[in-house]
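# Close look at the chain arrangement
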Amino acid sequence: QVQLVEFGGGLVQAGGSLGLSCTASGITFSSYCMGWFRQAPGKEREFVAGISWSGGRTIYADSVKGRFTVSRDNAKNTVALQMNSLTPEDAAVYYCAADRGIVDATIRFAELDYWGQGTQVTVSA
């Protein structure tokens, strides 16, 4: 059974930082690109960041570039998202995702191989 479980959501003040992590089980982790998506109330789910199988390549949505960093540890089956300089516009439910192909803004969330249940990030002004 495949599971992606996100950790680390919570409440943070604007300008602050928060780190998310996701642990995967039931898959050969290094065979999957990983990514993060988010969905704010009343908005569509959107791509945030993606990382290649080995971690050597990363890609970000323009809205988070320079503020967020995605990383992975294939030995621990984990992917992380470090979020800095958070704004209220970053508040959303954040989802970890896995796909055998590239995870970037061109892939629809429903097309991904697997995704987690999400973790809430709230940013106070």
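The following refers to the structure shown. (Residues numbered from 1 in each chain as written. Predicted model: local features only at pLDDT ≥ 70, side-chain atom pairs only at ≥ 80, totals over all residues. Heavy atoms only, no water.)

## Some words on the sheet that holds strand β3 (residues 18-25)
- Spatial strand order, β1-β3-β8-β7: 4 strands in an open sheet with antiparallel pairing. Every interior strand has two partners, whereas the edge strands, β1 (3-7) and β7 (68-73), have only one. Strand-to-strand, the axes of this sheet are offset by a mean angle of 15 degrees, without reference to chain direction.
- With 5 bridges joining them, β1 and β3 adopt antiparallel strand pairing. Opposite Gln3, over in β3, you have Ser25 as the bridge partner. (Pairing = 2+ DSSP bridges. Helix = DSSP H or I, 4+ residues; strand = E, 2+ residues; numbered from the N terminus. Axes fitted to C-alpha atoms, helices over the stretch in contact; angles between N-to-C directions.)

## Looking at the state of the cysteines
- Under the definition given, this model contains 1 disulfide.
- Shown here is the disulfide that connects Cys22 with Cys96, its sulfur atoms set 2.1 Å apart. Because the torsion about its S-S bond is -75 degrees, the bridge between Cys22 and Cys96 counts as left-handed. Within this pair, whereas Cys22 is found in strand β3, its partner Cys96 is found in strand β9 (residues 92-99), the two being separated by 74 residues in sequence.
- The exposure class assigned to Cys96 is buried, which follows from its relative accessible area of 0%.
- Lacking any disulfide linkage, Cys33 is separated from the closest cysteine sulfur, that of Cys96, by 12 Å. (Disulfide = S-S within 2.5 Å. Buried < 20%, exposed > 50% of the residue type's maximum accessible area, 1.4 Å probe, protein only.)

## Considerations on the packing of aromatic side chains
- This structure, assessed with the given rule, holds 5 aromatic pairs.
- With a centroid separation of 5.4 Å and 75 degrees between ring planes, the pair formed by Phe37 and Phe109 is classed as edge-to-face. Of the two residues, Phe37 sits in strand β4 (residues 33-39) while Phe109 sits in the loop between β9 and β10 (114-115), which places them 72 residues apart along the sequence. Pair check on accessibility: Phe37 and Phe109 agree, each one buried.
- With a centroid separation of 5.6 Å and an interplanar angle of 65 degrees, the aromatic rings of Tyr95 and Phe109 are classed as edge-to-face. Taken together, the residues Tyr95 in strand β9 and Phe109 in the loop between β9 and β10 connect sequence positions 14 residues apart. Residues Tyr95 and Phe109 agree in their burial class; the two are buried.
- Linked through ring pairs, Phe37, Phe47, Tyr95, Phe109 and Trp115 together constitute an aromatic cluster. (Phe/Tyr/Trp six-rings, centres within 6.5 Å; stacked < 30°, edge-to-face > 60°.)

## Describing the environment of Thr122
- You can see Thr122 is positioned in strand β11 (residues 119-124).
- In this structure the C-alpha to C-alpha distance between Thr122 and Asp90, which are 32 residues apart in sequence, comes to 7.9 Å.
- Ignoring sequence-local partners within four residues, the contact set of Thr122 consists of Gly10, Leu11, Val12 and Ala91. (Contact = heavy atoms within 4.5 Å.)

## Let's talk about the pairing of β9
- Counted residue by residue, β9 has 7 buried out of 8 residues, so it is predominantly covered.
- Across 7 bridges, β4 lies against β9 in antiparallel orientation. Among the inter-strand pairings, Met34 is bridged to a residue of β9, identified as Ala98.
- Where β9 lies against β11, 3 bridges are found, and the strand directions are antiparallel. By the bridge assignment, Ala92 is partnered in β11 with Val121.
- Where β9 meets β10, 2 bridges bridge the pair, whose relative direction is antiparallel. Its bridge partner being in β10, Ala98 is matched across the sheet by Tyr114.

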